[in-house]
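# Examination of the molecular architecture
Now for the letters of each chain:
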Amino acid sequence: MPTTPTVTVTYLFDPLCGWCYAAAPALKFLQAQEGVEVVLAPTGLFAGAGARPMDAQFAAYAWANDQRIQQLTGQPFTQAYRDQILGAEGGRFDSGPATLALTAVAQTAPERELDALHALQHARYVDGRDNTDPAVIAEVLRALGLQQAATLALSPDTALQRANGDRTATAQAMLRAVGARGVPQLVVTGQGGALRLLGGDALLGPREQLLALVRAAAAD
């Protein structure tokens, strides 16, 4: 019997992006669909030059935006997150450590990377745990049984750092190629390798509509 061709969907994201957290249920849905391959592509948007101190002004902005996301999507942002992350003295808004950890998962247990991303998001936004801290990140990964990735996250070697840099550079190049700037974004690889941008809004709509959009984009 003929088999359905696999549709490749690239998910451009940052682990500290609230809208990317809101998209988590849709990503789980897509990953569970037969014939759909979800490829994670962290952009490093809030790492390196994109990182910043978590001062009171930025914390207030983030909380207001998070409340809007919760109202629109139902994804929870708890008081623990507000107090322990946004309200932490001397805190940082820096996705570098989490992005590096996800690359470690991609190298050691690639089929678990989406699980790791969702666990890191839950740790931050629900449990109020600082997922910019490599020690916290390692604990989250160990709880998933990802011991090797946890070790690498705590003591990244040169090979991991190089792979992470290459990975984020590739994701940024894809963002530019499809004419997108922020995250989250979904990019479907169509027939002949053409890239079709669905955009992040597709992740927030009805699930069956999302799947239909993905399959239509793949057929173009």
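Everything below is about the structure printed above this text.
The paragraphs below set out a description of the structure included in this document. Residue positions are given per chain, counting from 1 as you read along its sequence in written order. Given that this is a predicted model, residues contribute local features only at a pLDDT of at least 70 and side-chain atom pairs are listed and counted only at 80 or more, while totals for whole chains, interfaces and linings are drawn from all residues. Note that water and hydrogens are dropped before the side-chain values are worked out from all heavy atoms of the structure.

## Observations regarding the side chain of N164
Applicable threshold: Each helix corresponds to a stretch of at least 4 residues labelled H or I by DSSP, and each strand to a stretch of at least 2 residues labelled E; elements are numbered beginning at the N terminus. Relative accessibility decides the category of a residue: with a 1.4 Å probe and only protein chains considered, values under 20% of the type maximum give buried, values over 50% give exposed, and everything between is partly exposed. Here a residue-residue contact requires only that any non-hydrogen atoms of the pair lie within 4.5 Å.
Position of N164 relative to the elements: it lies in helix α9 (residues 158-177). Overall, the relative accessible area of 12% leaves N164 in the buried class. Beyond its immediate chain neighbours, meaning those up to four positions away, N164 contacts T99, L100 and T103.

## With respect to the environment of A217
Checked against the element boundaries, A217 lands in helix α10 (residues 207-219). What makes A217 buried here is its relative accessible area of 6%. Counting along the chain gives 208 residues from A217 to V9, while the straight-line C-alpha distance between them is 9.9 Å. Once residues within four sequence positions are removed from consideration, A217 is found in contact with V188, G190, R196 and L198.

## Some remarks on helix α7 (residues 134-143)
For α7, the full list of buried residues reads V136, I137, A138, V140 and L141. In this fold, the buried residues of α7 make contact with α5 (96-108), α6 (113-125) and α8 (147-154). Looking at the residues trailing α7, positive phi occurs at G145, about 80 degrees.

## Quick look at the side chain of S95
To keep things clear, this is the line we draw: Each polar contact in these results corresponds to two N or O atoms within 3.5 Å; when the atoms are within protein, one needs to be able to donate a hydrogen and the other to accept it, and residues that are neighboring in sequence are counted only if both atoms are side-chain atoms.
Of note, S95 is situated in the loop between β4 (92-93) and α5. Reaching out from S95, the side chain makes a polar contact with the side chain of D14 at a distance of 2.8 Å. Not counting chain neighbours up to four residues away, the residues in contact with S95 comprise D14, P15, L16, F46 and A47.

## Some thoughts on the packing of α5 against α6
The condition is simple: Axis angles are defined between N-to-C directions and span 0 to 180 degrees, where every axis is a line fitted to C-alpha atoms and, for a helix, only to the segment in contact. Note that the term roughly parallel is reserved for angles under 35 degrees, roughly antiparallel for angles over 145, roughly perpendicular for angles of 65 to 115, and oblique for everything else. A crossing counts as left-handed when the near helix is turned anticlockwise from the far one by less than a right angle, and as right-handed when that turn is clockwise. Only Asp, Glu, Lys and Arg are considered charged, only Ala, Val, Leu, Ile, Met, Phe, Trp, Tyr, Cys and Pro nonpolar, and every remaining residue, Gly among them, polar.
In the contact formed by α5 and α6, the axes pass within 9 Å of each other and the chain directions differ by 155 degrees. Judged on the interaxial angle alone, α6 and α5 are roughly antiparallel. In this structure, the crossing between α5 and α6 has a hand that is right-handed. Here A98, L102, V105 and A106 of α5 come into contact with α6, specifically with E113, A116, L117 and L120. Looking at the contact of α5 with α6 residue by residue, the class counts come to seven nonpolar, no polar and one charged.

## Observations concerning the pairing of strand β5 (residues 185-189)
Note the following rule: If DSSP finds at least two bridges between two strands, the strands pair.
Among the five residues of β5, four are classified as buried, and the element is accordingly described as predominantly covered. Hairpin connection from β5 to strand β6 (residues 195-197): five residues lie between these consecutive antiparallel strands, with G192 at a positive phi of about 80 degrees.

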